[in-house]
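Report on the structure
In case you want the letters, here they are:
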Amino acid sequence: MRRALLAITGLAASTTALVVLKGAPGTSQAAQDRPVAEAPVVPGGSAAPGPTPGGVTPSARPGASVKPSASAGASRTPGTRTSATTRATTAAPRTTTSAPKATTRTVTGPVVSYKYGSLQVRITLSGSRIVDATGLGMPQDGQSGLRSDDVQARYSGSSGEVVAKQSANLSTVSGATYTSTAYKQSLQAAIDKA
């Protein structure tokens, strides 16, 4: 009976030592190269039981009473982990991913002809958000130029109505209905392309 208990205890201690020394995939080489005679330290500061010559643990001396436990190293105090649990959590690959970087791109709407000339709208997007808009090829002379300036001042730029509303649903500029309508048409086409 004593031999059976010693064999079971030795087997349990050897298995525990193998699990600790071999470790899980991805553990450091230093833990795997440690000589069997050195007892590994488990979290909590205590040394894990290791095999001794002949497969007998130090507590299993002839004449000493040995009580078999359910498994070697299974008893633990709250707040500590067994070495198998520690290995499993440290062996998991750690992946770090940075947040996707927003790409800045420019989309130009089609040229829209209207009563006073033609124009097209170019928008700049960061990710899916419009960050800038500008009217291109707008009339510059006379009354048409003034209307173009009013539309450009209201809609375009990084603080214009296009950026604020993030859509082509803009209010019409008073006195520049045709220019406003052409701007919104080219803008909507640019948004649809984006």
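Here, the structure is the one placed above.
Anyway, here's the lowdown on the structure attached to this text. Everything numeric in this text was worked out from a predicted model, so none of it was measured. (Residues numbered from 1 in each chain as written. Predicted model: local features only at pLDDT ≥ 70, side-chain atom pairs only at ≥ 80, totals over all residues. Heavy atoms only, no water.)

1. Section: the overall build of the protein
Our working rule: Numbering of helices and strands runs from the N terminus, with a helix taken as a DSSP run of H or I at least four residues long and a strand as a DSSP run of E at least two residues long. Note on contacts: a residue pair qualifies if any of its non-hydrogen atoms lie within 4.5 Å across the two residues.
Within the protein one finds six helices and four strands. Its helices and strands in sequence order give the protein the pattern α-α-α-β-β-β-β-α-α-α, from N to C terminus. Restricting to contacts in the protein with at least 6 residues of sequence separation, those with at least 24 account for 47%.

2. Brief notes about the nonpolar core
Generally speaking, a soluble globular protein has its nonpolar side chains buried in company with each other. Defined as follows: Definition used in this section: a nonpolar core is a set of buried Ala, Val, Leu, Ile, Met, Phe, Trp, Tyr and Cys residues joined via side-chain atoms within 4.5 Å. Burial status follows relative accessibility: with a 1.4 Å probe on protein chains alone, a residue under 20% of its type maximum counts as buried, one over 50% as exposed, and anything between as partly exposed.
If you look at the biggest cluster of nonpolar residues, it comprises 22 residues, and the most contacted ones within it are Leu 119, Ile 123, Val 151, Tyr 155, Val 162, Tyr 183 and Leu 187. At the level of elements, β2 (112–114), β3 (117–126), β4 (129–136), α4 (142–155), α5 (161–165) and α6 (177–193) are the ones that each hand at least two residues to this core. Those residues in contact with Leu 119, other than ones at most four positions away along the chain, are Pro 110, Val 111, Val 112, Tyr 114, Leu 136, Gly 137, Met 138, Thr 179, Ala 182, Tyr 183 and Ser 186.

3. Considerations on the packing of aromatic side chains
Rule in force here: Here the aromatic set is Phe, Tyr and Trp, taking the six-membered ring for Trp, and pairing holds for ring centres within 6.5 Å; pairs whose planes are under 30 degrees apart are stacked, those over 60 apart are edge-to-face, and all others are tilted.
Evaluated as defined, the whole model comprises three aromatic pairs. Judged by centre distance (5.9 Å) and plane angle (65°), the rings of Tyr 116 and Tyr 178 are edge-to-face. One end of the pair, Tyr 116, is in the loop between β2 and β3; the other, Tyr 178, is in helix α6, with 62 residues separating them in the sequence. Taken together through their ring pairs, the aromatic side chains of Tyr 114, Tyr 116 and Tyr 178 make up a single cluster.

4. A look at the environment of Asn 169
One can find Asn 169 in the loop between α5 and α6. We classify Asn 169 as exposed; its relative accessible area is 59%. Considering only alpha carbons, one finds Asn 169 and Leu 187, 18 residues apart in sequence, at a separation of 9.7 Å.

5. Details of the pairing of β3
Inclusion rule: When DSSP finds at least two bridges between two strands, those strands are taken to pair.
Sheet analysis places strand β1 (residues 104–108) next to β3, joined by five bridges and oriented antiparallel. When the bridges of β3 are listed, Val 107 appears paired with Ile 123. Both β2 and β3 contribute to a ladder of three bridges, which runs antiparallel. Across the sheet, the residue bridging to Ser 113 is Ser 118, located in β3. Two successive antiparallel strands, β2 and β3, enclose a turn made up of two residues. In terms of strand pairing, β3 meets β4 through seven bridges, oriented antiparallel. Note on β4: the bridge partner recorded for Leu 125 is Ile 130. Counted along the chain from β3 to the antiparallel partner β4, the turn is two residues long, and its residue Gly 127 has a positive phi close to 70°.

6. Re α6
The criterion, for reference: To estimate the expected span of a helix, count its residues, drop one, and scale the result by 1.5 Å.
Its 17 residues give α6 an end-to-end C-alpha distance of 24 Å, which sits within 8% of 24 Å, the value for a rise of 1.5 Å per residue. The inward-facing, buried residues of α6 contact β1, β2, β3, β4, α4 and α5.

7. Some details on the pattern of salt bridges
So the rule is basically this: By definition, a salt bridge exists where a carboxyl oxygen of Asp or Glu is found within 4 Å of a side-chain nitrogen of Lys or Arg.
Scanning the model with the defined rule gives one salt bridge in all. The residue Glu 161 makes a salt bridge to Lys 165 at a minimum N-O spacing of 3.4 Å. Taken as a pair, Glu 161 and Lys 165 lie in helix α5 at a separation of four residues, close to a single helical turn. Residue class for Lys 165 comes out partly exposed when judged on its relative accessible area of 42%.

8. Looking at unusual backbone geometry
Its identity is not glycine, yet Gln 166 carries a phi of approximately 55°, on the positive side. Counting through the fold element by element, Gln 166 comes out in the loop between α5 and α6. For Gln 166, a relative accessible area of 25% translates into the label partly exposed.

9. Thoughts on α4
For α4, with 14 residues, the first-to-last C-alpha span of 20 Å sits near the 20 Å given by 1.5 Å per residue. Of the residues one or two after α4, Gly 157 is the one with positive phi, at around 90°.

The values are spatial; any link to function lies outside them.
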